[in-house]
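The chain contents come next:
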Amino acid sequence: MFTTIELFAGAGGLALGVEKAGFNTLGLVEFDKDACDTLRKNRPEWNVICDDIANISGQDLEKLFGVKKRELDLLSGGAPCQAFSYAGKRLGLEDARGTLFYHYAMFLEKLQPKMFLFENVKGLLTHDRGKTYATILGIFKKAGYEIQKDVLNAWDFGVAQKRERLITIGIRNDLVGKINFSFPEVHKYKPVLRDVLQNVPQSIGVPYGETKRKIFELVPAGGYWRDIDPEIAKSYMKSCWNMEGGRTGILRRMSMDEPSLTVLTSPSQKQTERCHPLEARPFTVRENARCQSFPDEWEFCGSVMSQYKQVGNAVPVNLAYEVSKEIYKALEEEK
């Protein structure tokens with residue numbers, strides 16, 4: 001069984017997909033206490049390290065995770081990428097110092113895994129006119145890896161949600177040619193909310209206030225503010241009424257015949273509403289988890305808002321699985 005270590009593990013969406021593909025998880029690093037509790041509750045056997053990664057990356061990682069340099073099969077995770085102080089100047093590890101990505105790169109340098117999976121938001125491609133991502137790729141290459149990258153939409157891979165992620169795959173230079181990775185093929189069928197909102201287990205959620213609920217009762221499934229009385233919409237939207245653009249996220253109600261829009265970290269945000277198709281309320285935590293393709297038995301810990309945040313920040317499990325399955329296949333070739 002191939003081995004993996006995950007950084008910035010969150011509530012386990014990526015880790016679950018990697019596990020489903022057949023990997024043995026040697027350890028996960030996560031800073032948020034509630035997310036750590038979620039990981040431990042569902043997988044007591046996982047070695048969950050709940051600490052700031054800045055306190056971990058400088059340690060003896062081989063000893064900490066029980067794996068020798070160059071023997072780890074996969075390093076996975078997606079560091080939040082703040083602006084780099086010297087982005088685009090040196091294209092070396094120093095460019096990333098002071099950022100969370102620096103610690104991901106330190107793990108890569110110290111452990112030299114056969115492959116890595118680095119996932120992030122699509123916006124990273126254009127951040128600081130592309131300089132930030134160019135710096136990241138430069139660091140990966142200097143660490144000794146050949147890179148493949150693509151933007152994948154979770155909806156193409158068995159997830160009832162439109163959610164694009166930038167997936168960067170690295171293969172250690174000495175294994176190029178021995179390991180051949182290909183991104184997964186798009187599924188023929190793309191699921192919609194009707195496929196995932198049937199028989200959802202009861203769970204916590206946050207309702208709308210009475211006024212907002214009554215307004216949402218006027219919005220048809222698949223509709224938004226333009227589909228109700230303009231005076232009511234104007235009263236609700238206030239200053240947003242005069243904004244430029246379509247403002248299609250305001251008073252937005254989902255349809256059972258469409259995928260969810262990107263699941264967010266909060267149940268209700270005025271300009272990015274995700275109202276339930278059949279009831280005038282936000283999705284519950286469990287419904288959001290279904291949209292993220294978490295299994296129903298995966299329990300989330302912490303307050304209701306913490307649970308919404310954990311689910312919203314997660315990598316969709318099915319997307320993680322499809323990518324990890326291709327990584328597993330590639331590693332099998334090297335054997």
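From a predicted model like this one, the values you see are computed outputs, not experimental measurements. (Residues numbered from 1 in each chain as written. Predicted model: local features only at pLDDT ≥ 70, side-chain atom pairs only at ≥ 80, totals over all residues. Heavy atoms only, no water.)

Participant: Describe in detail the environment of Thr-272, supporting the description with residues and values.
Facilitator: As for its placement among the helices and strands, Thr-272 is situated in the loop between helix H8 (230–237) and helix H9 (285–291). The spacing of Thr-272 and Gly-130 is 142 residues in sequence and 26 Å in space, taken between C-alpha atoms. Apart from residues no more than four positions distant in its own chain, Thr-272 is found in contact with Gly-249 and Leu-264. (Helix = DSSP H or I, 4+ residues; strand = E, 2+ residues; numbered from the N terminus. Contact = heavy atoms within 4.5 Å.)

Participant: If you had to explain empty space enclosed by the protein to someone new, which residues and values would you point to?
Facilitator: Within the structure shown, the criterion is met by three cavities of 30 Å³ or more. Counted as a void, the largest cavity has a volume near 80 Å³. Lining the largest cavity are Ser-260, Leu-261, Thr-262, Val-263, Leu-264, Ser-266, Pro-267, Arg-274, Pro-282, Phe-283, Asn-288 and Tyr-308. Residue composition of the lining of the largest cavity, grouped by class: seven nonpolar, four polar and one charged. The calculated volume of the second largest cavity comes to roughly 40 Å³. Breaking the lining of the second largest cavity down by element, the ones donating at least two residues are strand E5 (115–121) and helix H11 (317–334). Residue contributions to the lining of the second largest cavity peak at three residues, all from H11. Grouping the constituent residues of the lining of the second largest cavity by class yields seven nonpolar, no polar and one charged. (1 Å grid on protein atoms, 1.4 Å probe; cavity = no way out; pocket = protein on both sides within 12 Å on 5 of 7 lines; lining within 4 Å. Points joined across faces, edges and corners; volume = space filled by probe spheres on them. Nonpolar A, V, L, I, M, F, W, Y, C, P; charged D, E, K, R; others polar.)

Participant: Break down helix H2 (residues 33–42) for me, with residues and values.
Facilitator: For an α-helix, the turn length of 3.6 residues means that residues three or four places apart are oriented alike. Considered for burial, the residues of H2 that qualify are Ala-35, Cys-36, Thr-38, Leu-39 and Asn-42. Take H2 and look down its axis: the buried residues cluster within an arc of 155°, on one side only. The inward-facing, buried residues of H2 abut strand E2 (24–30), strand E3 (48–50) and helix H10 (304–313). Two or three places before Asp-34, at the opening of H2, Asp-32 has a side-chain oxygen 3.1 Å from that residue's backbone nitrogen. (Buried < 20%, exposed > 50% of the residue type's maximum accessible area, 1.4 Å probe, protein only. Arc of directions from axis to C-beta. Polar contact = N/O pair within 3.5 Å; in protein donor to acceptor, adjacent residues only side chain to side chain.)

Participant: Which residues make up the sheet that holds strand E7 (residues 164–172), and what are the values?
Facilitator: One key point about sheets: their strands pair by backbone hydrogen bonds, in either a parallel or an antiparallel sense. Strand order in the open sheet formed by seven strands is E3-E2-E1-E4-E5-E7-E6, and the pairing between neighbours is mixed. Here the strands that pair on one side only, and so sit at the sheet edges, are E3 and strand E6 (145–153). Strand-to-strand twist across the sheet, computed as the mean angle between neighbouring axes with direction ignored, equals 15°. Pairing of strand E1 (residues 3–7) with strand E4 (residues 74–77) involves four bridges; the strand directions are parallel. Looking at E4, one finds that Glu-6 is bridged to Ser-76. (Pairing = 2+ DSSP bridges. Axes fitted to C-alpha atoms, helices over the stretch in contact; angles between N-to-C directions.)

Nothing here speaks to function; it is all geometry.
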